[in-house]
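Structure assessment
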Amino acid sequence: EAGVAQSPRYKIIEKRQSVAFWCNPISGHATLYWYQQILGQGPKLLIQFQNNGVVDDSQLPKDRFSAERLKGVDSTLKIQPAKLEDSAVYLCASSQEEGGEQFFGPGTRLTVL
Amino acid sequence: AQSVSQHNHHVILSEAASLELGCNYSYGGTVNLFWYVQYPGQHLQLLLKYFSGDPLVKGIKGFEAEFIKSKFSFNLRKPSVQWSDTAEYFCAVNGLGATNKLIFGTGTLLAVQP
């Protein structure tokens, strides 16, 4: 069974630039999550999708972050414009149902200079 | 609001030593509990989980965890660690019926010396 795929694996940008991350969940998983993991902390949920609908985006900084899952499969997370404090690993995860076991991708390490 | 506390940020052990990593959470309702592990250079993967039933759960690689509801705890244990257990360990809690959001602790970095 293929795991959760993410790209790119690494990204370096300057502040005020924009960046986008892509995630392909495990086939058949209806729930998709984006997490932000800052160095020294645990992952923090940014947004959760159930199919192509948003379930929870309460911790997404909506003035600069956006995410979509148009066809209920792949998802993209965008930051525009980036700030220094956005430097982190962005993790995508998926699960068969809400509350169930989540499977994580390798993450994208973002450095904002 | 839900929260998860992991008491040990860094743990250094010698091979064959016993391991116990503490995890406490704050949520009064039903919970699903997880321990995830991240080996160097690899992605987060599930070590074990508790949804219901026997509060002593066994996971991969000889790990186990005990859910003590009265203490709001879900401590991770292994009787004899190996060098290959060097990794970062995260406790996570999903408070069912609340936000169905997985809340992670800050992680414990375990270094096992050969």
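Described below are features of the structure shown in this document.

Parameters and conventions
- Residues numbered from 1 in each chain as written.
- Chains lettered and ligands numbered in written order.
- Predicted model: local features only at pLDDT ≥ 70, side-chain atom pairs only at ≥ 80, totals over all residues.
- Heavy atoms only, no water.
- Salt bridge = Lys/Arg side-chain N within 4 Å of Asp/Glu carboxyl O.
- Helix = DSSP H or I, 4+ residues; strand = E, 2+ residues; numbered from the N terminus.
- Buried < 20%, exposed > 50% of the residue type's maximum accessible area, 1.4 Å probe, protein only.
- Contact = heavy atoms within 4.5 Å.
- Buried area = accessible area lost by both parts, 1.4 Å probe.
- Polar contact = N/O pair within 3.5 Å; in protein donor to acceptor, adjacent residues only side chain to side chain.
- Nonpolar A, V, L, I, M, F, W, Y, C, P; charged D, E, K, R; others polar.

This part covers the pattern of salt bridges. It is possible for side chains of opposite charge to pair when their charged atoms get near one another. Inspection of every chain in the model, using the stated rule, returns 8 salt bridges over all chains. With a closest N to O distance of 3.5 Å, aspartate 56 of chain A and lysine 101 of chain B form a salt bridge. Placement of the pair is aspartate 56 of chain A in strand β6 (residues 53–56) and lysine 101 of chain B in the loop between β10 (87–95) and β11 (102–104), with the two residues belonging to separate chains. A relative accessible area of 10% means that aspartate 56 of chain A is categorised as buried. By relative accessible area, lysine 101 of chain B is classed as buried at 8%. In this structure, lysine 58 of chain B engages glutamate 64 of chain B in a salt bridge whose closest nitrogen and oxygen atoms are separated by 2.9 Å. Judged by its relative accessible area of 19%, glutamate 64 of chain B is buried.

Attention now goes to the interface of chain A and chain B. Every contact between the two is made by 20 residues of chain A and, on the other side, 18 residues of chain B. Of the roughly 1,500 Å² buried where chain A meets chain B, counting both sides, 52% is carbon and sulfur surface. The largest contributions to the chain A side of the interface with chain B come from Gly99, Glu101 and Phe104 of chain A, which together make up 34% of the buried area. Linking chain A to chain B there are 2 salt bridges. Where chain A packs against chain B, one counts 4 residue pairs in polar contact (both at pLDDT 80 or more). Counting only elements with at least two residues in the side of chain A that touches chain B, the list comes to β4 (31–37) and β5 (44–50) of chain A. Taken together, the residues of the side of chain A that touches chain B sort by class into 6 nonpolar, 11 polar and 3 charged.

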